[in-house]
Number of protein chains: 2
Amino acid sequence: MKFNPITPEAVAAFAEIVGQEHVLLPAAAEAMLRYTHDETEDLRYEPEVVLKPANAAEISRIMQYCNENYIPVTPRGAGTGLSGGALAVHKGVILSTERLNRIISIDERNLQATVEPGVITQVFQEAVIERGLFYPPDPSSRGSCFLGGNLSESSGGPRAVKYGVTKDYVLNMEVVLPTGEVTWTGANVLKNATGYNLTQLMVGSEGTLGIITKIVFKLIPHPPQNLVMLVPFRKEEEACEAVSQIFMAGIVPSAMEFMERDAIEWTSRYLSLDVAMAADEQAHLLIELDGNDMDLLFKDAERVYEVLERFDVGEILVADTEKQKEDLWRLRRSVGHAVKSNSIYKEEDTVVPRAELPVLLRGVKEIGARYNFKSVCYGHAGDGNLHINIVKGDMSDEDWNNRLPEGIKEIFRLCVELGGTISGEHGIGLVQRKYIDIALNEVQLRLMRGIKELFDPRGILNPGKIF
Amino acid sequence: MKFNPITPEAVAAFAEIVGQEHVLLPAAAEAMLRYTHDETEDLRYEPEVVLKPANAAEISRIMQYCNENYIPVTPRGAGTGLSGGALAVHKGVILSTERLNRIISIDERNLQATVEPGVITQVFQEAVIERGLFYPPDPSSRGSCFLGGNLSESSGGPRAVKYGVTKDYVLNMEVVLPTGEVTWTGANVLKNATGYNLTQLMVGSEGTLGIITKIVFKLIPHPPQNLVMLVPFRKEEEACEAVSQIFMAGIVPSAMEFMERDAIEWTSRYLSLDVAMAADEQAHLLIELDGNDMDLLFKDAERVYEVLERFDVGEILVADTEKQKEDLWRLRRSVGHAVKSNSIYKEEDTVVPRAELPVLLRGVKEIGARYNFKSVCYGHAGDGNLHINIVKGDMSDEDWNNRLPEGIKEIFRLCVELGGTISGEHGIGLVQRKYIDIALNEVQLRLMRGIKELFDPRGILNPGKIF
């Protein structure tokens with residue numbers, strides 16, 4: 001790919017489109033800093049310019065200009081990504097969607113909402129709950145991440161096990177194509193058999209096919225009741241096995257989160273939370289049930305206990321108060337940050353059919369033993385989505401940079417052998433790119449590259465990502 | 001498009017691939033007959049040859065041969081389609097998937113099943129229910145349609161309102177591309193952020209991008225209890241409005257089916273079923289609630305009654321026995337056949353945001369009055385998916401063929417204005433092709449045509465469909 005550098009004329013053209021105050025140049029070093037990284041490891045890439053357009057019309061003009069002039073554009077939400085997708089690896093423009101931050105409408109009659117991509121996920125969740133409605137996708141970074149980013153990476157979160165992931169709530173999107181054309185991808189309906197599914201093609205495309213400027217979500221009635229419990233297991237693998245058996249008993253919890261002992265220890269220390277753990281407890285499941293009726297939840301909980309009795313579990317903690325529930329969830333959501341604060345690490349976002357989780361977990365530990373790395377594993381056991389935090393600890397830089405990738409390849413090959421793949425909800429972005437051919441074959445890659453070329457003939461949109 | 005006719009050499013080559021007994025030529029007129037039509041209106045297209053391959057390897061060889069020789073191939077499931085998608089409009093090969101009819105595995109630990117595309121939907125539903133599992137998609141033709149066809153047309157059915165449509169249960173597919181290459185589209189996981197979503201691109205592509213040869217479905221635990229009621233309304237529009245209000249009351253029924261008075265009258269006569277209807281009842285809602293717990297269903301039913309009290313409803317019939325439930329469902333499922341037996345008709349598969357249903361219904365009647373057609377409307381009110389059966393009655397052939405399409409265009413334009421589209425679950429296929437630019441703009445069409453060309457550079461797979 002041959003791109004052009006950004007000239008003073010280009011900067012002037014951008015300023016004319018978005019207004020001078022929404023153009024950021026490297027000279028403004030401090031303001032620029034946050035646009036040079038995301039939450040992925042310790043990567044830094046400085047763009048030539050950051051643009052903060054206000055709407056689709058401005059984005060369309062930017063794209064037209066950049067397409068004509070072969071200038072790379074990297075779209076960016078809140079920068080909470082975990083695969084380097086929002087990094088300007090080919091320099092050029094960072095196009096931030098932060099000013100497209102309106103909840104345009106919440107349509108209670110149709111249980112739909114129309115939003116801009118720069119709305120923070122939690123802000124949206126809370127706005128719809130106020131109307132008795134529910135937007136279930138719930139990534140750990142919900143307090144800061146943007147809905148547009150959630151769509152781009154096909155985010156999930158703990159409730160996916162019952163309610164599905166972000167993609168399952170998107171009905172329609174307005175997007176600006178790399179050529180500057182603006183189009184909706186579908187219609188505002190629950191069923192659509194009219195042409196190819198451009199909506200789902202755009203979801204999870206990591207900002208490589210177009211820039212999302214509006215989203216129509218479906219909503220569901222909010223289940224007002226829930227019940228949260230933390231279940232300690234003496235054997236890690238039994239925690240994974242219990243997950244399958246709870247489903248087989250006919251229960252669909254709204255969350256089934258797995259945490260290794262280290263994950264809980266590091267996180268409770270990081271948060272200064274007091275979590276009692278017996279010395280022989282190796283892993284925990286955080287289980288949430290939700291619904292309209294507390295009596296029914298207690299009945300379901302009884303059936304969950306019956307399943308758990310088959311395993312070697314410790315004392316089950318049932319959260320009595322909202323505060324306790326919140327603490328348990330805060331514990332789970334903070335594992336990533338806790339590990340990060342403890343050591344340099346790499347996070348892998350593996351996913352397998354859920355009953356294969358014990359095999360994956362055993363494999364990760366075995367591969368770790370051979371490659372001499374420690375891992376802290378946790379994640380969405382109900383979906384078979386295991387986050388593997390590989391901590392650098394006392395590994396040499398040489399091994400970290402050159403030997404570890406071979407170990408990661410082994411983990412990914414194991415995922416694929418088990419019927420899984422290499423990313424469940426973080427995306428491929430920049431950092432998993434080198435592993436993509438473990439997950440995708442030549443035919444798939446050819447089709448995907450062809451789609452990329454169709455949408456973006458000059459390859460200017462988020463270059464250097466996915467493939 | 002310039003295709004080659006099928007030569008005796010081609011027939012010999014096909015016989016070598018699939019075996020002589022699985023090649024059908026027009027000379028076998030009676031056996032050929034069923035492959036000349038589907039369930040769409042009164043269309044007839046005779047293929048040059050029907051092939052019944054046994055597996056993906058044979059299909060791959062057929063596609064390679066046809067691609068090399070510019071021979072059109074029309075894939076076909078059970079032929080229950082309602083948009084002419086399985087008709088060989090350019091002659092050539094009909095490729096029937098009827099011999100790919102194995103349920104390969106039902107994986108209870110992972111709540112997944114792997115099947116071939118020629119399995120009958122109801123056969124699959126019943127096989128999984130035996131294991132306590134549930135495959136919710138439930139098209140009216142479930143007793144004869146194939147799962148592969150359901151995927152190709154993105155079928156829905158009544159339970160979509162709670163459980164989603166076919167596309168929401170597909171995790172992964174094995175497909176043969178028009179070039180003969182065989183690939184899986186994704187992985188057997190509930191979350192996947194690894195490259196573009198080829199799986200969802202293939203779903204609903206109406207057999208124009210590839211031939212599905214294996215499907216991995218996700219399943220859910222089967223809710224053992226249900227409650228079915230038939231609610232008569234004195235005003236059609238109130239039936240539609242009640243649908244939205246039931247959702248707003250926090251209830252998600254497993255079905256909310258709308259039937260106009262004529263739909264019930266014609267169908268009960270057709271089935272010789274006795275359905276009591278007061279003279280002033282204009283429409284009915286068939287409401288189903290399902291779950292694990294009968295007490296909870298009664299509670300939910302109470303809340304449904306509370307909502308219904310706001311409307312002018314007649315006596316609510318609650319099905320007491322399995323037989324009664326079955327009869328009510330049979331009534332609903334048979335509307336299409338009943339109308340067909342009554343008159344020549346065209347079925348439109350409109351879909352709008354559900355609260356817009358009353359506006360759509362009013363619009364259809366108003367347009368009908370202007371164009372002088374009668375319509376029988378029914379369908380999945382919970383999804384905003386209204387099937388409009390336009391009956392020919394005493395309309396002249398001239399008006400039926402030349403004037404009616406203008407009326408249909410008006411209906412479709414109204415759907416799009418209301419945020420909806422022109423097909424919810426039947427597909428565009430052959431018969432809605434001429435209306436496609438009402439629903440899709442130039443940009444969308446260019447992208448879709450580009451995708452078609454990428455997958456099928458010679459345009460041999462199901463030509464003449466969608467665009």
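Residues numbered from 1 in each chain as written. Chains lettered and ligands numbered in written order. Predicted model: local features only at pLDDT ≥ 70, side-chain atom pairs only at ≥ 80, totals over all residues. Heavy atoms only, no water.

**Points about the overall build of chain A**
Then comes step 1: When helices and strands are tallied, chain A shows 16 helices and 18 strands.
Then comes step 2: Over its C-alpha atoms chain A spans a radius of gyration of 22 Å, differing by no more than 12% from the 23 Å that the globule rule assigns to 467 residues.
Then comes step 3: Principal axes of the C-alpha set define a box for chain A whose edges measure 70 × 60 × 45 Å.
Then comes step 4: The buried share of chain A, taken over its 467 residues, is 64%.
Then comes step 5: Within chain A, contacts between residues at least 6 apart in sequence are counted, and of these 74% link residues at least 24 apart. (Helix = DSSP H or I, 4+ residues; strand = E, 2+ residues; numbered from the N terminus. Rg over C-alpha atoms; globule rule 2.2 N^0.38 Å. Buried < 20%, exposed > 50% of the residue type's maximum accessible area, 1.4 Å probe, protein only. Contact = heavy atoms within 4.5 Å.)

**Looking at helix α9 (residues 261-271) of chain A**
Residue and element names in this part refer to chain A.
Then comes step 1: Along α9, eight of the eleven residues are buried, which leaves the element largely enclosed by surrounding structure.
Then comes step 2: Among the residues of α9, R261, D262, A263, I264, W266, T267, S268 and L271 are the ones counted as buried.
Then comes step 3: Close packing links the buried residues of α9 with β13 (255-260), β14 (283-291), α11 (322-333), α12 (335-342), β17 (374-380) and β18 (385-391).
Then comes step 4: Immediately downstream of α9, the backbone of S272 shows phi near 50 degrees, a positive value.

**As for the domain arrangement of chain A**
Residues and elements named next belong to chain A.
Then comes step 1: You can read the domains of chain A as domain 1 (103-221) and domain 2 (226-426).
Then comes step 2: Between the C-alpha centres of domain 1 and domain 2 the distance comes to 27 Å.
Then comes step 3: Contacts between the two partners involve 15 residues from domain 1 and, on the opposite side, 18 residues from domain 2.
Then comes step 4: Both sides together, the interface formed by domain 1 and domain 2 hides about 1,200 Å², and carbon and sulfur atoms give 44% of it.
Then comes step 5: The largest share of the area that domain 1 buries against domain 2 comes from P158, V161 and K162, three residues that together contribute 45% of it.
Then comes step 6: Joining domain 1 to domain 2, the criterion identifies three salt bridges.
Then comes step 7: For D290, the salt bridge identified is with K162, shortest N-O distance 2.7 Å.
Then comes step 8: For the pair domain 1 and domain 2, the interface holds six residue pairs in polar contact (both at pLDDT 80 or more). (Domains from an automatic or database assignment. Buried area = accessible area lost by both parts, 1.4 Å probe. Salt bridge = Lys/Arg side-chain N within 4 Å of Asp/Glu carboxyl O. Polar contact = N/O pair within 3.5 Å; in protein donor to acceptor, adjacent residues only side chain to side chain.)

**Details of the relation of the copies chain B and chain A**
One copy of the chain maps onto the other through a rotation about an axis followed by a shift along the same axis.
Then comes step 1: Superposition record for chain B on chain A: RMSD 0.0 Å, screw rotation 180 degrees, translation along axis 0.0 Å. Both copies of the chain, as the preceding transformation shows, are related through a two-fold rotation axis.
Then comes step 2: The overlap is high: 100% of the interface residues of chain B also sit at the interface in chain A, so the same surface is used on both sides. (Least-squares fit on C-alpha atoms with pLDDT ≥ 70 in both.)

**Examining the side chain of E116 of chain A**
Residues and elements named next belong to chain A.
Then comes step 1: By the element assignment, E116 lies in the loop between β6 (112-115) and α4 (121-129).
Then comes step 2: What makes E116 buried here is its relative accessible area of 5%.
Then comes step 3: For E116, the contacting residues outside a window of four places in its chain are R99, L100, N101, R102, I104 and T213.

**Focus: unusual backbone geometry**
Then comes step 1: The backbone phi angle of E206 of chain A is positive, close to 55 degrees, even though this residue is not glycine.
Then comes step 2: On the secondary structure map, E206 of chain A appears in the loop between α7 (198-202) and β10 (211-218).

**Some remarks on the sheet that holds strand β14 (residues 283-291) of chain B**
Strand pairs in the sheet, formed through backbone hydrogen bonds, run parallel or antiparallel to each other.
Residues and elements named next belong to chain B.
Then comes step 1: Pairing is antiparallel in the open sheet, where seven strands are placed in the order β15-β12-β14-β13-β17-β18-β16. If you trace the sheet from one side to the other, it starts and ends with β15 (317-318) and β16 (345-351), each paired once.
Then comes step 2: Direction of pairing for strand β17 (residues 374-380) relative to strand β18 (residues 385-391): antiparallel, over a ladder of seven bridges. Paired with C377 across the strands is I388, a residue of β18.
Then comes step 3: In the packing of helix α10 (residues 294-308) onto the sheet, contacts are made with β12 (225-233), β14 and β15, and the angle to β12 comes to roughly 15 degrees. (Pairing = 2+ DSSP bridges. Axes fitted to C-alpha atoms, helices over the stretch in contact; angles between N-to-C directions.)

**Quick notes on the interface of chain B and chain A**
In many reports, interface size means the accessible area that the parts give up when they come together.
Then comes step 1: Contact with chain B, which involves 86 residues of that partner, is made by 87 residues of chain A.
Then comes step 2: Between chain B and chain A lies a buried interface of about 6,600 Å² when both sides are counted; carbon and sulfur atoms form 60% of it.
Then comes step 3: At the boundary of chain B and chain A, one finds eight salt bridges.
Then comes step 4: For R446 of chain A, the salt bridge is made with E181 of chain B, and the minimal N-O distance between the two is 2.5 Å.

**Observations regarding the pattern of salt bridges**
Residues and elements named next belong to chain A.
Then comes step 1: The final tally for this structure, using the stated rule, is 64 salt bridges over all chains.
Then comes step 2: A salt bridge links R370 to E366, with the nearest nitrogen and oxygen atoms 2.7 Å apart. Of the two residues, R370 and E366 are both situated in helix α13 (residues 357-371); the distance of four residues between them amounts to about one turn of the helix.
Then comes step 3: Judged by relative accessible area, E366 falls into the partly exposed class, the value being 40%.

**Some points on the UniProt feature "domain: FAD-binding PCMH-type" (unreviewed entry) in chain A**
Then comes step 1: The UniProt record annotates "domain: FAD-binding PCMH-type" (unreviewed entry) at residues 43-222 of chain A.
Then comes step 2: Regarding residues 43-222 of chain A, the helix share stands at 21% and the strand share at 23%, and the terminal C-alpha atoms are separated by 39 Å. (UniProt positions renumbered as here; feature names shortened; annotations may be inferred.)

**Notes on the packing of aromatic side chains**
Then comes step 1: According to the stated counting rule, one finds 18 aromatic pairs over all chains in the structure shown.
Then comes step 2: Every member of this aromatic cluster is reached through a ring pair, and the members are F124, Y135, Y169 and F217 of chain A.
Then comes step 3: When the ring centre of Y169 of chain A is taken as origin, the NZ or CZ atom of K218 of chain A, which lies over that ring, is 5.5 Å away.
Then comes step 4: The ring of F247 of chain B carries the charged tip of R354 of chain B above its face, separated from the ring centre by 3.7 Å. (Phe/Tyr/Trp six-rings, centres within 6.5 Å; stacked < 30°, edge-to-face > 60°. Lys NZ or Arg CZ within 6 Å of the ring centre and 35° of its normal.)

**Overview of the pairing of strand β4 (residues 93-96) of chain B**
Residue and element names in this part refer to chain B.
Then comes step 1: Side-chain alternation along β4 places V93 and L95 on one buried face and I94 and S96 on a second face that is also buried.
Then comes step 2: In terms of strand pairing, strand β2 (residues 49-51) meets β4 through three bridges, oriented parallel. In the strand pairing of β4, V49 is matched with V93.
Then comes step 3: The sheet contact formed by strand β3 (residues 73-76) and β4 spans four bridges and is parallel. Across the sheet, P75 pairs through a bridge with L95, a residue of β4.

**Observations concerning the environment of L147 of chain B**
Residues and elements named next belong to chain B.
Then comes step 1: Relative to the elements of secondary structure, L147 occurs in helix α5 (residues 147-152).
Then comes step 2: The spatial distance from the C-alpha of L147 to the C-alpha of P137 is 9.8 Å, given a sequence separation of ten residues.
Then comes step 3: Once residues within four sequence positions are removed from consideration, L147 is found in contact with V115, P117, V119, T121, F124, Y135, I215 and F217.

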